[in-house]
Structure formats: structure tokens, C-alpha cells
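Here is what each chain is made of, one letter per residue.
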Amino acid sequence: MKLEIGQTIFVEVFMHRGPTEIKECQIEKIGNKYFYLDKFPDKGFDKQTLKYTNKDYTQHKLQGYLTTQEITDRHEKASLREVLKRHLERWGDSKNNTLEELKHVCELLKLTI
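Numbering of residues begins from 1 in every chain and follows the order in which that chain's sequence is written. The model is predicted, so local features are restricted to residues of pLDDT at least 70 and side-chain atom pairs to those at 80 or more, both for listing and for counting; the totals for chains, interfaces and linings are taken over all residues. Excluding hydrogens and water, the side-chain values take into account all heavy atoms of the structure.

A. Local environment of unusual backbone geometry. One non-glycine residue, L50, lies in the positive phi region at around 60 degrees. Working definition: helices are DSSP H or I runs of at least four residues, strands are E runs of at least two. Numbering for both runs from the N terminus. With respect to the element layout, L50 can be found in the loop between β4 (40-46) and β5 (51-53). Between buried and exposed lies partly exposed: a residue is buried under 20% and exposed over 50% of the maximum accessible area for its type, with that area taken using a 1.4 Å probe on protein chains only. Note on L50: relative accessible area 5%, which makes it buried. Its identity is not glycine, yet K110 carries a phi of approximately 55 degrees, on the positive side.

This is the structure in C-alpha cells:
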């Protein structure tokens, strides 16, 4: 991926036991392995993963994204996985599904029995 000085990066801040926060930042400096943002000047983000993980192991991390749509998609994917998980759990509603419906879901997800 090509990163340039002045390019916008959207950073999702994951706090321990709290809501995430999105910050719009600009790239200020690019090194061999890391790049640095205006709102986090002392934190080097990995150029490949766009991630910063605090080396002191505090309870938060930062993940960069090129677009806000990537963040929205990640949240939607997590929500859909949770809905499917609850539906298919032992006490979920999957017992009310027909055999054909369950086969169709397995086909769509390319699951083999």
C-alpha cells in the first residue's frame, strides 16, 4: 500500500472497557517500517498493518484505516457474526430452521459436513 505525507488516516482508538473513538489524522512522517500521524506524533504505526500497539501493554490500542467504510464494515461483520453465533448456539433459534434452510446456509458459507 502506498502511503504519502498529508494522506488522511482514520484511527480507531480501542479503550479498555469503553467505546471506541474515531480520529481523523494526517500522515506527518514516513520511515522505513513506521509512519507517524499528527494527532499521535510519538506513536509509530506499522506501514503494513496500519496498527500501533503500545509496547507498555496498557489497555488500549490504535488501528488505522484508509477509509471510514473499512471501520463500518468491521463493525457490521462483528455484529453479523454475533447474530449468527447466538442463532446457532445450543439454545438459539436454529432448532426452528428446516433442514433445507440449514443446508442452504452451509452451501452459502461453503461448509462441509
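Still more ground to cover, so stick around.
B. Up close: the nonpolar core. Grouped together as the largest cluster of nonpolar side chains are 13 residues, with contacts concentrated most on I9, V11, F35, L37, F40, F45 and L62. Residue assignment for this core shows that the elements contributing at least two residues are β1 (8-14), β2 (21-30), β3 (34-37) and β4. Per-element tally for this core: the top contributor is β1, with three residues. Nine residue types can take part in a nonpolar core, namely buried Ala, Val, Leu, Ile, Met, Phe, Trp, Tyr and Cys, and a core is a set of them joined through side-chain atoms within 4.5 Å.

C. View of the side chain of E12. Relative to the helices and strands, E12 resides in strand β1. The buried category is assigned to E12, whose relative accessible area is 0%. In terms of polar contacts, E12 uses its side chain to reach the side chain of T20, at 3.2 Å. Within polar-contact distance, the side chain of E12 engages the side chain of R74 at 2.9 Å. By the criterion applied in these results, polar contacts are pairs of N or O atoms within 3.5 Å in which, for protein atoms, one can donate a hydrogen and the other can accept it, and in which residues neighboring in sequence qualify only through two side-chain atoms.

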